[in-house]
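Listed here are the chains, written in short residue letters.
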Amino acid sequence: MDVEKGYSSSDAEDLKSEFLTQAFPVPDSDVTASPDIDKALTNPEEYIKYVRCEAARYPDVFYTPVGSQGDAEFTEVPDSKPLKPVSSSPDRITFCSVWFAEVVQEYQCLKRILLERTDKGSELKKVTPFEGSPLLSWIALRTRAELYRLLEEAVLHCTKKRWNVNVGRWIFALLVALEPPIDPDMCHLLRAIAKRCRKLKKDSNHAEEQSKSTTNFFDLCVHLVAKSFGQADLLEQ
């Protein structure tokens, strides 16, 4: 019997089992150490480490004095209707568009921080496009003309012979990095990539060579180009 707490060891074990276990275990990290920004968007642990470091810069509690101009009126939203699962095709497309917009916002935020901390004369790690995963520090410093040339190269990689999992990662990184306005030439490249991804999916369905995640990316690419870059007619083809 635990005299201080008033319950036995078996009761203590039962109490521990009632608590929710951590679904995504992340090791403790030193919030004073600078996170690896290059890996923030590609490694979950590094991203959470980055969030922890940013959160450590703010006080634990924010408050507003009663009666100040910062007071806001809150309207209670009834929780009577459960959320519907994303089942229909239009709902899936809408979900992908919203999710992609959030990713772009995160990228722009990290890009601003990266540009502030990067010296113009500093040398970056050498990167070979479409070989290995793209680095945030490298993508963020590309000019518009360089992104255009990378899109041209991406079109050439969207073939059955040259496709690999890294090509999909680079295409997604380029879509995130593109900023408006999107000129007609760039639209042409985006449409070419989307159409080739659709053809790759069709070919993979017959051959059953691609993984499920790869075929899902083919669909995702078409949806993003259609909804996020104003090429909605691609969904009707």
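Residues numbered from 1 in each chain as written. Predicted model: local features only at pLDDT ≥ 70, side-chain atom pairs only at ≥ 80, totals over all residues. Heavy atoms only, no water.

- The name an unreviewed UniProt entry gives the protein chain is Gem-associated protein 2, with Calicophoron daubneyi as the organism.
- What UniProt records for the protein chain under Subcellular location (unreviewed entry) is the sentence "Cytoplasm".
- Looking at the Subunit (unreviewed entry) heading of the UniProt record, one finds this comment for the protein chain: "Part of the core SMN complex." (UniProt positions renumbered as here; feature names shortened; annotations may be inferred.)

### Details of the pattern of salt bridges
Consideration 1: Counted according to the given criterion, the structure contains five salt bridges.
Consideration 2: E146 is the partner of R142 in a salt bridge, and the nearest nitrogen-oxygen pair spans 3.6 Å.
Consideration 3: A salt bridge links D219 to K201; the nearest nitrogen and oxygen atoms lie 2.8 Å apart. Remark: K201 occurs in helix α7 (residues 184-207) and D219 occurs in helix α8 (residues 212-228); sequence separation between them is 18 residues.
Consideration 4: Residue D219 is classed as partly exposed on the basis of its relative accessible area of 27%.
Consideration 5: Residue K201 is classed as partly exposed on the basis of its relative accessible area of 24%. (Salt bridge = Lys/Arg side-chain N within 4 Å of Asp/Glu carboxyl O. Helix = DSSP H or I, 4+ residues; strand = E, 2+ residues; numbered from the N terminus. Buried < 20%, exposed > 50% of the residue type's maximum accessible area, 1.4 Å probe, protein only.)

### Re helix α6 (residues 165-177)
Consideration 1: End to end, α6 covers 19 Å across 13 residues, agreeing with the expected 18 Å (1.5 Å per residue, within 8%).
Consideration 2: The element α6 is largely enclosed, with a buried count of ten among its 13 residues.
Consideration 3: Those residues of α6 that fall on the buried side of the exposure criterion are N166, V167, G168, W170, I171, A173, L174, L175, V176 and A177.
Consideration 4: For α6, the capping residue at the N-terminal end is N164, with a side-chain oxygen 2.9 Å from the backbone nitrogen of N166. (Expected span 1.5 Å × (residues − 1). Polar contact = N/O pair within 3.5 Å; in protein donor to acceptor, adjacent residues only side chain to side chain.)

### Focus on the nonpolar core
Consideration 1: Among the nonpolar cores identified, the biggest contains 48 residues, and L151, W163, I171, I193 and F217 are the most heavily contacted of them.
Consideration 2: With near-sequence residues (within four places) excluded, I171 lies in contact with A154, C158, W163, I193, F217 and C221. (Core = buried A, V, L, I, M, F, W, Y, C linked by side-chain atoms within 4.5 Å. Contact = heavy atoms within 4.5 Å.)

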